[in-house]
Amino acid sequence: MRFLLDAEQRAFVASLDALLTAADTPAVVRDWSRGDHASGRELWSRVAEAGVFALAVPEAYKGGLGPRPVELALAFVELGRHAVPGPLVETVTAAVLLGDADPGTAERLLPALASGGTIATVAPEGAFALDGDAASLRLALSPDGIRLSPGHGPVRPSLDPARRLTPLAPGGELLDAPTGQALTWARLTTAAQALGVGLALLDTTVGHVRQRTQFGVPVGSFQAVKHRLADAKIALDFARPLVFGAALTMRPAEVAAAKAAACEAAYGTARTALQLHGAIGYTAECDLSLWLTKARALRTAWGDPHTCRALVVSAAGDRRW
């Protein structure tokens, strides 16, 4: 299926791409990895000013423009393409969850999420939350519902240095809000983010093999290299309509299928990028590593490929698409 963007969507994507291109995101990612959130918060505010988080906040609340899953998917492709750090998926998920909360709670918490004044993280109770040290709103999904966690534990290292993990403190206010949509929205935005990461890795690698020479010719002229890059492009091209198709329906099984396809495509592209860059690709000093580690981390975030495929198979058997 071919998805064509309208003029407003194209302008939104172009403006977000221009904003992030000018932001020197590799430097921001490295600061964030060290626990220095100043540049990351500044970029977060600019992303919020572009309307990204407002797309997840219902229009009934101040600053809200949504929820608009298709536009969110478009935004998250760009956020992934530029490796923007922070609990982006979790903030959007929090906004959607709070949109279904009682009006008093929603009115109290949602405007700051839309404006970028609040960074949120969400995690199942007992699991590690992403960037709990940077977030000012921490939601724990418990069997009783959603709890407003009062704090966080020590920061734990992660495969992706920019994804800082923390346990959430137990207890806290129990919010009157359902948790049913959390996983679907988290998986959709993770899938779109992974798609953007894969596209960035492919573009970087194509540029590299055109410049790198061996035996007096560009490495990209070798048939084996072309095949690897073609396989990566095909996988990403197949994942794209799944992501936007899922954004249109928001059916859990279709979102799970998109998540599995996009994350596997990004991970496969990361492996190709690493191989074709050679030894330099293994170094943390090379900007490529910022996308390589993110592709690996997103693959298992909010449901690994096996879990997502199991949901797809189960839904197909029950004919609940």
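The rules behind the values
Residues numbered from 1 in each chain as written. Predicted model: local features only at pLDDT ≥ 70, side-chain atom pairs only at ≥ 80, totals over all residues. Heavy atoms only, no water. Helix = DSSP H or I, 4+ residues; strand = E, 2+ residues; numbered from the N terminus. Buried < 20%, exposed > 50% of the residue type's maximum accessible area, 1.4 Å probe, protein only. Contact = heavy atoms within 4.5 Å. Areas by Shrake-Rupley, 256 points an atom, 1.4 Å probe, with all protein chains shown as cover. Lys, Arg positive; Asp, Glu negative; His and termini not counted. Charge placed at Lys NZ, Arg CZ, Asp CG, Glu CD. Phe/Tyr/Trp six-rings, centres within 6.5 Å; stacked < 30°, edge-to-face > 60°. Lys NZ or Arg CZ within 6 Å of the ring centre and 35° of its normal.

Chemist: Just checking my understanding: could you explain the overall build of the protein for this structure?
Modeler: When you go through the protein residue by residue, the secondary structure sums to eleven helices and eight strands. Across its three principal axes, the protein shows a C-alpha extent of roughly 70 × 50 × 40 Å. When burial is assessed residue by residue, the protein has 54% of its 321 residues classed as buried. Residue pairs at least 24 apart in sequence account for 69% of intrachain contacts in the protein once pairs closer than 6 positions are excluded. Total accessible area computed for the protein in this model is approximately 14,000 Å², and 56% of it derives from carbon and sulfur atoms. In the protein, 31 side chains carry a positive charge and 31 a negative one; their mean positions are 7 Å apart.

Chemist: I'm lost on unusual backbone geometry in this one. Help?
Modeler: In most cases, non-glycine residues show a negative phi, while peptide bonds are predominantly trans. That bond from Gly 66 to Pro 67 is cis: its omega, 5°, falls within 30 degrees of zero. Looking at the secondary structure, you find Pro 67 in the loop between α3 (38–49) and α4 (69–81). The phi angle at Asp 24 is positive, at roughly 55°, despite the residue not being glycine. With respect to the secondary-structure elements, Asp 24 resides in the loop between α1 (7–21) and α2 (25–33). Residue class for Asp 24 comes out partly exposed when judged on its relative accessible area of 45%. In this model, Phe 215 sits at a positive phi of 55°, which is unusual for a non-glycine residue. Looking at the secondary structure, you find Phe 215 in the loop between β7 (213–214) and β8 (217–218). On the basis of relative accessible area, Phe 215 is assigned to the exposed category, the value being 75%.

Chemist: Would you mind going over the packing of aromatic side chains with me for this structure?
Modeler: Aromatic ring pairs are defined here through the distance separating the ring centres and the angle between the ring planes. All chains considered together, the criterion is met by two aromatic pairs. Relative to Phe 244, the ring of Phe 3 lies with its centre 6.4 Å away and its plane at 45°, an arrangement referred to as tilted. Placement of the pair is Phe 3 in the segment before α1 and Phe 244 in helix α8 (residues 223–249), with a sequence separation of 241 residues. Summarising the burial analysis for this pair, Phe 3 and Phe 244 share the class buried. Their ring planes at 20° and their centres at 4.7 Å tell us that Trp 44 and Phe 53 sit as a pair that is stacked. Owing to a relative accessible area of 3%, Trp 44 belongs among the buried residues under this scheme. Cation over ring: Arg 296 sits above Tyr 267, and NZ or CZ is 5.7 Å from the ring centre.

It is worth stressing that arrangement in space is one thing and function is another; only the former is reported here.
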